[in-house]
Amino acid sequence: MNKLIKKSESIRGEISIPGDKSISIRSVIFGSIAEGDTIITHLGTGGDIQSAVRCLKQLGVSFEEKNDSIIIHGKGLYGLSKPSTVIDVGNSGTTIRLLTGVLAGQKFKSTITGDNSIQNRPMKRITNPLKLMGAEIKGESDDNCAPLIIVGKKLTAIKYVSPIASAQVKSSIMLASLYADGITQILEPYKSRDHSERMLAYMGGNVAVNGNNISIEGGQKLKGREIFIPGDLSSAAFFIAGALIVDNSEILLKDVGVNPTRTGIIDVLKRMGANIYMQNMREINNEPVADILVKSSELKGIEISGETIPRVIDEIPILSIVASVSEGETIIKDAGELRVKETDRIKAVVTNLKRLGADVKELSDGIIINGPNKLKGAELESFGDHRIALAFSIAGLNAEGSTIIKDAEWADISFPGFFDLLF
Ligand code: S3P
């Protein structure tokens, strides 16, 4: 499906953003291995979350829709059943990496895979530590790629110094550690998003957090609970950016998750001069939530690097677009992880920004953008990546004339209903 986007005069209004993808997928997985019912409201409806639900159904978990909630009938740590077919995560990296941690500790054998993109994404980052815990996992390309064949085993605790700040790696090991004897320790170079730590504690588990290090004891049972999923800040980021770069705009985004491990986007945009105000700050089931008010702003380029990167990793495509219409130079570096996302996001962003006429340079681990550019409408690729389709739809609002986003349906992976909200 091609989407035609025209330059916009203004973006105004109050909107509600679908439930956070990271928290939704965790609620589905944690709820399935908890004891008793987990009642989830505002669960995201994107393709990745539907994939997670489908995988847990393959493992014998039942889900019930009641009023506005989804009830998961938890099976406990050892209640999942052997799947009769290959588990298919679709496009969801979070699902394959977290669920592999769970499957490593089961009493059965299973095979897990996903779409073309998933089969090309690196899995050694989880198979290595899981194997150190005693897991038996075989995969393509020297155990680096899905399909992964997992023979469930009793695991043992490890101390793991992770070479990368990745919440998917950390959460995969955390889930496996529930099936391990002893106390597992995970040390990260920088702090990655901590939704798993928060949800585990909320469901009655014990995780000791000390800066970038966590420890977690094996055998802990989780208790099903009520969970409200806040709006996804990574999805809100598209509307925040849109309001900033389209003149005469003002929007209020209600009930958005503002966990400090995710708010790099707000900090970076504020450093660039953005008018963004957090209101009505509160905590809902251990996650900070706020309403976010955004007004059109004059922005300037900055450097984004180091420990900011994991806090803003999913927002770099949209940030690059904002930078392209901001005054001066923006340097994004230390972001080599972008090359192993749903697509190579450095290449995708540079290709599309060049087509829009922006002054942009590709680095091995980042992008340099010189602004301000007067963007000109063009035909752009989605590269099979939801965040590229979403980000460049927003760029189209600022570009002269018409922009066409090819294969725009990829947006549904994280943000179904995006185009209805936009138009
Ligand atoms: C996620 C962690 C991040 C992020 C991804 C979701 C998660 O990936 O990019 O969209 O839910 O844990 P990495 O762990 O690979 O950094």
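Given the structure is predicted, the values throughout are model-derived calculations rather than measurements.

Participant: Give a detailed account of unusual backbone geometry, specifying residues and quantitative values.
Facilitator: Residues Ala146 and Pro147 are joined by a peptide bond in cis, for which omega reads 0 degrees. Here Pro147 shows up in strand E9 (residues 145–151). Following Gly371, the chain continues to Pro372 via a peptide bond in cis, the omega torsion being 0 degrees. Tracing the backbone through its elements, the reader meets Pro372 in the loop between strand E23 (366–371) and strand E24 (379–380). Positioned with a positive phi, Asp255 is a non-glycine residue whose angle comes to about 55 degrees. With respect to the element layout, Asp255 can be found in strand E17 (residues 250–257).

Participant: I'd like a description of the side chain of Thr261, backed by residues and values.
Facilitator: In this structure, Thr261 sits in the loop between E17 and helix H10 (264–271). Note on Thr261: relative accessible area 6%, which makes it buried. A polar contact is formed between the side chain of Thr261 and the backbone nitrogen of Asp194, at a distance of 3.3 Å. Of the polar contacts made by the side chain of Thr261, one reaches the side chain of Asn259; its length is 2.6 Å.

Participant: Which residues make up the packing of helix H3 (residues 93–103) against helix H5 (residues 124–132), and what values do they have?
Facilitator: Where H3 contacts H5, the two axes come as close as 10 Å, and the packing angle between them is 10 degrees. As summarised for this structure, H3 and H5 are arranged roughly parallel, according to the angle between their axes. With respect to the hand of their crossing, H3 and H5 are arranged in right-handed fashion. Along its contact with H3, which presents Ile96, Arg97, Thr100 and Gly101, the element H5 presents Arg125, Ile126 and Leu130. Grouping the amino acids of the contact of H3 with H5 by side-chain chemistry returns three nonpolar, two polar and two charged.

Participant: Help me get a handle on the sheet that holds strand E7 (residues 109–113), residues and values and all.
Facilitator: Reading across the sheet, the four strands line up as E6-E7-E9-E8 and stay open at both edges, with mixed pairing between neighbours. The two strands at the open ends of the sheet, each matched to only one other strand, are strand E6 (87–88) and strand E8 (136–139). As paired elements, E7 and E9 share four bridges and run antiparallel to each other. Each residue of the ladder has a partner; that of Ile112, found in E9, is Leu148. Relative to the sheet, H3 contacts E6, E7, E8 and E9, its axis offset from that of E7 by approximately 175 degrees.

Criteria and cut-off values
Residues numbered from 1 in each chain as written. Predicted model: local features only at pLDDT ≥ 70, side-chain atom pairs only at ≥ 80, totals over all residues. Heavy atoms only, no water. Helix = DSSP H or I, 4+ residues; strand = E, 2+ residues; numbered from the N terminus. Buried < 20%, exposed > 50% of the residue type's maximum accessible area, 1.4 Å probe, protein only. Polar contact = N/O pair within 3.5 Å; in protein donor to acceptor, adjacent residues only side chain to side chain. Axes fitted to C-alpha atoms, helices over the stretch in contact; angles between N-to-C directions. Parallel < 35°, antiparallel > 145°, perpendicular 65-115°, else oblique. Left-handed = near helix turned anticlockwise from the far one by under 90°. Contact = heavy atoms within 4.5 Å. Nonpolar A, V, L, I, M, F, W, Y, C, P; charged D, E, K, R; others polar. Pairing = 2+ DSSP bridges.

Nothing here speaks to function; it is geometry throughout.
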